[in-house]
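# Fold and contact review
Residue-level listing of the chains:
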Amino acid sequence: MSNQEKLLEIKNLKQHFKVGKGTVKAVDGLTFDIYKGETFGLVGESGCGKSTTGRTIIRLYNATDGEVIFNGEDVHGKKSAKELKKFNRKMQMIFQDPYASLNPRMTVSDIIAEGIDIHGLASSKQARMDKVHELLETVGLNKEHANRYPHEFSGGQRQRIGIARALAVDPEFIIADEPISALDVSIQAQVVNLMKKLQREKGLTYLFIAHDLSMVKYISDRIGVMYRGEIVELAESEELYRNPLHPYTQSLLSAIPLPDPEYERSRRRKIYDPEKHLTENGEKRVLREVTEGHWIACTEEEFNQLKVTV
Amino acid sequence: MEKILEVNDLHVSFDTFAGEVKAVRGVNFHLNKGETLAIVGESGSGKSVTSKAVMGLIPNPPGRIKQGEIKFGDRDLAQLPEKEMQKIRGSEISMIFQDPMTSLNPTMTIGKQIMEGLIKHQNMSNSEAKERAIELLKLVGIPNAEGRVTEYPHQFSGGMRQRVVIAIALACNPRVLIADEPTTALDVTIQAQILELLNDLQEKMGTSIIFITHDLGVVANIADRVAVMYAGKIVETGTVDEIFYNPQHPYTWGLLGSMPSLDSTDEELIAIPGSPPDLLDPPKGDAFAPRNPYAMQIDTEMEPPLFKVSDTHYAATWLLHEKAPKVEPPAAIKKRMQGMAPDEPIIGAKDGGKHV
Ligand SMILES: Nc1ncnc2c1ncn2[C@@H]1O[C@H](COP(=O)(O)OP(=O)(O)OP(=O)(O)O)[C@@H](O)[C@H]1O
Ligand SMILES: Nc1ncnc2c1ncn2[C@@H]1O[C@H](COP(=O)(O)OP(=O)(O)OP(=O)(O)O)[C@@H](O)[C@H]1O
Ligand code: SF4
Ligand SMILES: [Mg+2]
Ligand SMILES: [Mg+2]
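Rules of the game
- Residues numbered from 1 in each chain as written.
- Chains lettered and ligands numbered in written order.
- Predicted model: local features only at pLDDT ≥ 70, side-chain atom pairs only at ≥ 80, totals over all residues.
- Heavy atoms only, no water.
- Helix = DSSP H or I, 4+ residues; strand = E, 2+ residues; numbered from the N terminus.
- Rg over C-alpha atoms; globule rule 2.2 N^0.38 Å.
- Buried < 20%, exposed > 50% of the residue type's maximum accessible area, 1.4 Å probe, protein only.
- Contact = heavy atoms within 4.5 Å.
- Areas by Shrake-Rupley, 256 points an atom, 1.4 Å probe, with all protein chains shown as cover.
- Lys, Arg positive; Asp, Glu negative; His and termini not counted.
- Charge placed at Lys NZ, Arg CZ, Asp CG, Glu CD.
- Pairing = 2+ DSSP bridges.
- Axes fitted to C-alpha atoms, helices over the stretch in contact; angles between N-to-C directions.
- Near = heavy atom within 4 Å.
- Polar contact = N/O pair within 3.5 Å; in protein donor to acceptor, adjacent residues only side chain to side chain.

## A few points about the overall build of chain B
- Assigned secondary structure in chain B consists of 11 helices and 12 strands.
- Against the compact-globule benchmark of 21 Å for 356 residues, chain B has a radius of gyration of 22 Å, which places it among compact chains.
- The principal-axis extents of the C-alpha atoms in chain B amount to approximately 65 × 60 × 40 Å.
- Here chain B holds 356 residues, and the buried ones make up 53% of them.
- Long-range pairs, those at least 24 residues apart, make up 65% of the contacts in chain B between residues at least 6 apart in sequence.
- With the model as given, the accessible surface of chain B reaches about 15500 Å², and the carbon-plus-sulfur share is 51%.
- Averaging the locations of the 35 positively and 47 negatively charged side chains of chain B gives two centres separated by 4 Å.

Following this line, the structure appears as structure tokens:
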């Protein structure tokens with residue numbers, strides 16, 4: 001893995017919000033890489049900072065501290081409007097709520113073509129229309145849908161429109177923030193299959209944010225587990241599921257109900273007690289590589305123990 | 001087994017500008033005392049409308065119960081005047097709504113909201129009700145309940161608010177609890193806590209539960225029996241083991257096929273093609289036929305009746321007719337029917353204590 005080409009390098013990224021008199025450290029020192037062509041999954045409990053991470057990477061927020069390097073260039077350091085525009089094309093976002101994220105007063109073709117217009121990617125009206133039709137086809141809709149409005153579509157279809165919009169500008173990297181959480185299982189499968197197909201065909205790189213762990217495992221090559229604004233464990237997805245090392249990851253995995261009644265009758269959940277774990281000794285836990293590609297936030301002592309047991 | 005609730009041939013429609021939306025089209029099911037019945041099915045298949053009908057909460061207009069009975073003891077809830085229904089609602093049958101975050105009143109303390117039903121239905125005095133409210137908050141696992149009864153919803157986290165909603169639903173010891181996707185918006189840890197809580201309460205109080213969800217993992221965890229809904233009808237019903245290990249209806253196969261198993265990543269998810277039928281003009285014959293690769297000629301002409309698979313297991317598909325060709329589910333689904341848990345147990349505790 002390590003000799004793969006890095007598309008994105010996130011270094012000590014911080015996002016602190018001022019709330020009243022205090023500060024919320026929504027993202028507090030994230031460091032990880034995303035390789036070209038992979039799907040990087042980000043999981044963790046509600047409020048741990050997943051969306052904020054995605055939004056800061058794509059620069060919907062200015063980072064409080066740290067760097068995001070995309071194809072060797074610092075995203076947050078960029079100044080000129082022209083450069084920004086170029087960068088905006090390469091990174092796109094798909095949102096959680098397929099209902100709220102599409103403008104109800106725009107037709108499907110105008111929604112999809114918005115990026116094409118902004119970036120001047122179509123030379124004529126006809127070229128624009130062709131592109132829209134092609135995109136609709138790519139996401140499993142058809143030409144006839146172009147002149148309709150979002151409310152005429154089901155949740156799964158709306159999410160496809162959102163994907164078509166993201167694809168319109170030929171991005172390299174897509175951040176998908178809970179793209180399937182609002183959909184029911186059968187439709188989730190359609191959207192996930194579509195995302196996988198597009199990745200194969202276009203070599204896309206994804207940051208896939210979700211709390212449905214079985215879907216994340218299914219779609220991701222590597223997974224980062226977030227807890228209170230930090231990554232506590234990072235590994236290839238198969239490895240993470242087979243061999244979770246951080247007690248929080250273990251608790252998350254043991255809490256997933258699986259569609260297997262017999263298994264469910266005997267499943268026991270492991271409970272994570274942060275007060276106990278985090279205050280064991282005062283030392284700050286940092287991410288350390290225990291086996292190749294498997295990182296865990298731990299103290300020096302824990303690290304030495306893990307190296308012996310693993 | 002004692003039936004506590006029985007729904008027969010229920011039809012619910014909504015009159016809209018476009019015409020009559022036939023949301024529920026002849027639903028039959030029953031709920032046994034002390035059991036959990038899960039209702040699963042695609043978005044729009046009529047799960048919420050069915051449960052709202054039981055609660056007498058179909059907004060009229062535009063909605064109306066067109067036909068059918070809802071037997072609760074010797075009463076038919078479909079016929080009951082609103083005044084009588086009010087006595088039942090919240091005391092004998094309670095509901096946790098699909099949208100927990102909006103079902104609390106932001107301007108009223110948590111305690112007052114729990115006490116409301118107790119004062120109304122059980123004629124409790126203010127201080128009795130307050131005591132019971134604290135007891136309920138403890139029951140649903142809110143720490144420092146005495147201190148927190150006087151707080152407002154915004155001071156609680158999402159998971160805690162959901163527990164408060166459950167506490168309100170349980171306040172009067174209902175005999176039937178209807179939970180409409182109570183955990184869908186929550187993350188796994190909190191979901192697990194709430195499922196454990198419901199299981200626990202059921203054991204302690206013998207509550208009968210209707211649990212609506214589209215998460216099959218949750219179903220496997222909580223249900224004794226399962227009803228699968230499609231386009232306003234129940235197309236298959238059976239014990240939880242029958243539905244997961246011996247499903248008969250192609251739509252149920254489709255549901256199982258859309259779930260990834262934790263074991264492998266190479267297999268494609270088997271999405272159900274197409275989209276649900278238009279309930280303004282439901283198709284003739286079997287509503288699932290247009291999306292069903294196994295559909296036969298008869299499916300486009302006549303609706304299949306419920307065929308009996310066992311005393312507890314029924315499915316509405318012509319495939320079960322004696323003259324139908326023998327059809328096997330796709331290999332990937334047969335594999336899932338062997339059990340979807342990974343071959344090697346997932347390790348929860350690294351101390352070798354696999355949680356299996
Ligand atoms: N614009 C903002 N202003 C202030 N606080 C914020 C803002 N956005 C997020 N937060 C806070 O930052 C923390 C992380 O929020 P975030 O939305 O990133 O979580 P999440 O992991 O995406 O959770 P979920 O799974 O619920 O979507 C939370 O405590 C949240 O309340
Ligand atoms: N007030 C209403 N007016 C018109 N149609 C309605 C109304 N309420 C529900 N419906 C229709 O009834 C059908 C069944 O809806 P219902 O809410 O029961 O679905 P559901 O199975 O609970 O779906 P979900 O999983 O999305 O909650 C849908 O087609 C819906 O559009
Ligand atoms: S009755 Fe026909 S269309 Fe319906 S599920 Fe069975 S085979 Fe498919
Ligand atoms: Mg989020
Ligand atoms: Mg519903």
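## Observations regarding the sheet that holds strand E12 (residues 313-315) of chain B
All names here are of chain B.
- Ordered by their spatial adjacency, 8 strands build an open sheet running E6-E7-E8-E3-E9-E10-E12-E11, and the pairing between neighbours is mixed. Among the strands making up the open sheet, the edge pair consists of strand E6 (93-96) and strand E11 (307-310). Each strand of the sheet is rotated relative to its neighbour by a mean of 20°, with strand direction disregarded.
- Where strand E9 (residues 225-230) meets strand E10 (residues 233-239), 6 bridges bridge the pair, whose relative direction is antiparallel. Bridge pairing in E10 links Ala227 to Thr237.
- Packed onto the sheet, helix H1 (residues 47-55) meets strand E3 (36-41), E6, strand E7 (176-180), strand E8 (208-212) and E9 and runs at close to 150° relative to E6.
- Helix H7 (residues 188-205) rests against E3, E7 and E8 of the sheet, and its axis sits at about 155° to E8.

## Considering unusual backbone geometry
Residues and elements named next belong to chain B.
- The omega angle of the peptide bond from Asn60 to Pro61 is -15°, so this bond is cis rather than trans.
- Mapping Pro61 onto the fold places it in the loop between H1 and strand E4 (63-72).
- Cis rather than trans, the peptide bond between Pro61 and Pro62 has omega equal to 10°.
- Relative to the elements of secondary structure, Pro62 occurs in the loop between H1 and E4.

## Description of the site of ligand 2
All names here are of chain B.
- As a structural note, the neighbourhood of ligand 2 is formed by 14 residues, with Ser43, Gly44, Lys47, Ser48 and Val49 the closest of them.
- One of the side-chain nitrogen or oxygen atoms of Glu181 is found 3.5 Å away from an oxygen atom of ligand 2.
- The fraction of the free accessible surface of ligand 2 (640 Å²) that becomes covered by protein chains is 68%.
- Looking at the shell around ligand 2, the elements that each hand over two or more residues are strand E1 (3-16) and H1.

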